[in-house]
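Observations on chain architecture
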Amino acid sequence: MSVMIGGFMGNGTPEHIMDALVAAKVKDLTVICNDTAFPDRGIGKLIVNRQIKKVIVSHIGTNPVTVDQMNAKELEVEFSPQGTLAERVRAGGAGLGGVLTTTGLGTVVADGKQTLEIDGKTYLLEKPLRADVALLGANIGDKSGNLIFKGTSQNFNPIMATAADVVIAEIEEVVEVGELAPETVHVPGIFVDFWVKG
């Protein structure tokens, strides 16, 4: 399966869901995420447990186990610059055909990718990203799945909610429907299929 996992170095990652995946011993996941966190936190636990076959990611430098597995050719790593990664996920959620960017031109990021010339300027066509499942880590949510993220825990979570067939949120503080002011909600409950108390 392909799985989007929210978070930035573990901040905003659904830690209890990560522990459940480790315990379930699911294998051969393709994970779309910002980074692989640390060996003992977030997505890093899945890396250490060798449950991921491919990761689409902006960086892996905080997790030496990811680096070791990549160098040993035990883990496929597709690097995507962070802004490009976010836009590819957003494009997947919005039903767009891709993103045009100059980021990565002339580097390994551009290898095998289509380029387009527009008004005399060359762009890389970055394809949209979607997943079978998105796993989000929210700070506050109501029983209808409306979600709020505090501070930087928002990161990739809201855009990933739009780009997966099934969205599961782990919520730290669950409140009753009607307790959240609508203008404070980062992810409307219509995007969330299931939620668990974190």
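Please read all numbers here as calculations on a predicted model, not as lab measurements.

1. Thoughts on the overall build of the protein
When its secondary structure is counted, the protein shows 5 helices and 11 strands. Considering only C-alpha atoms, the protein reaches an extent of 55 × 40 × 25 Å along its principal axes. Across the 198 residues of the protein, 45% fall into the buried class. Summarising the internal contacts of the protein: among those between residues at least 6 apart in sequence, 67% fall at separations of at least 24. When the accessible surface of the protein is split by element, carbon and sulfur atoms take 55% of a total near 9400 Å². Between the mean site of the 17 positive side-chain charges and the mean site of the 24 negative ones, the protein shows a separation of 5 Å.

2. Section: the pattern of salt bridges
Applying the stated criterion across every chain, the model contains 12 salt bridges. Of the charged contacts, one joins aspartate 19 and lysine 45 as a salt bridge, the two residues approaching to 2.6 Å between their closest N and O atoms. Taken together, the residues span a long stretch of sequence, with aspartate 19 in helix H1 (residues 15-24) and lysine 45 in helix H2 (residues 44-48) at a distance of 26 residues. Taking the relative accessible area as the measure of exposure, aspartate 19 reaches 36% and is therefore partly exposed. Residue lysine 45 is classed as buried on the basis of its relative accessible area, which comes to 17%. Salt-bridge contacts for glutamate 78 lead to arginine 88; the nearest nitrogen and oxygen are separated by 3.2 Å. Separated by 10 residues along the polypeptide, glutamate 78 in strand E4 (residues 76-79) and arginine 88 in helix H4 (residues 82-94) bring together distant segments of the chain. Each of Lys54, Glu76, Glu78, Arg88, Lys113 and Glu126 takes part in one network of salt bridges that share partners.

3. Comments concerning the nonpolar core
Among the nonpolar cores identified, the biggest contains 23 residues, and Met4, Ile32, Leu136 and Leu147 are the most heavily contacted of them. When contributions to this core are tallied by element, the ones reaching two or more residues are H4, strand E8 (131-142), helix H5 (157-161) and strand E10 (164-175).

4. Thoughts on the sheet that holds strand E6 (residues 115-118)
Strand order in the open sheet made by the 3 strands is E5-E7-E6, with antiparallel pairing throughout. This sheet does not close on itself; its edge strands, each paired only once, are strand E5 (99-101) and E6. Between one strand and the next, the sheet's axes are offset by a mean angle of 40 degrees, whatever the strand orientation. Two strands pair when backbone bridges link them, and E5 and strand E7 (residues 121-126) are joined in this way by 3 bridges, in the antiparallel orientation. From the neighbouring strand, threonine 101 faces E7, where its bridge partner is leucine 124. Sheet strands in contact with H4 are E5 and E7, and its direction is about 160 degrees off that of E5.

5. Let's talk about the pairing of E6
In this structure, E6 lies alongside E7, joined through 4 bridges in antiparallel fashion. Counted as the bridge partner of isoleucine 118 is lysine 121 from E7. Hairpin geometry of E6 and E7 is characterised by an intervening segment of 2 residues between the two adjacent antiparallel strands and by a positive phi of about 50 degrees at aspartate 119.

6. Regarding the side chain of glutamine 51
Its location among the elements puts glutamine 51 in the loop between H2 and strand E3 (52-57). Residue glutamine 51 is classed as buried on the basis of its relative accessible area of 0%. Among the polar contacts listed, one links the side chain of glutamine 51 to the backbone oxygen of leucine 21, at a separation of 2.8 Å. Other than its neighbours up to four places away in sequence, glutamine 51 contacts Leu21, Val22, Lys25, Val26, Lys27, Asp28, Leu29 and Leu46.

Analysis parameters
- Residues numbered from 1 in each chain as written.
- Predicted model: local features only at pLDDT ≥ 70, side-chain atom pairs only at ≥ 80, totals over all residues.
- Heavy atoms only, no water.
- Helix = DSSP H or I, 4+ residues; strand = E, 2+ residues; numbered from the N terminus.
- Buried < 20%, exposed > 50% of the residue type's maximum accessible area, 1.4 Å probe, protein only.
- Contact = heavy atoms within 4.5 Å.
- Areas by Shrake-Rupley, 256 points an atom, 1.4 Å probe, with all protein chains shown as cover.
- Lys, Arg positive; Asp, Glu negative; His and termini not counted.
- Charge placed at Lys NZ, Arg CZ, Asp CG, Glu CD.
- Salt bridge = Lys/Arg side-chain N within 4 Å of Asp/Glu carboxyl O.
- Core = buried A, V, L, I, M, F, W, Y, C linked by side-chain atoms within 4.5 Å.
- Pairing = 2+ DSSP bridges.
- Axes fitted to C-alpha atoms, helices over the stretch in contact; angles between N-to-C directions.
- Polar contact = N/O pair within 3.5 Å; in protein donor to acceptor, adjacent residues only side chain to side chain.

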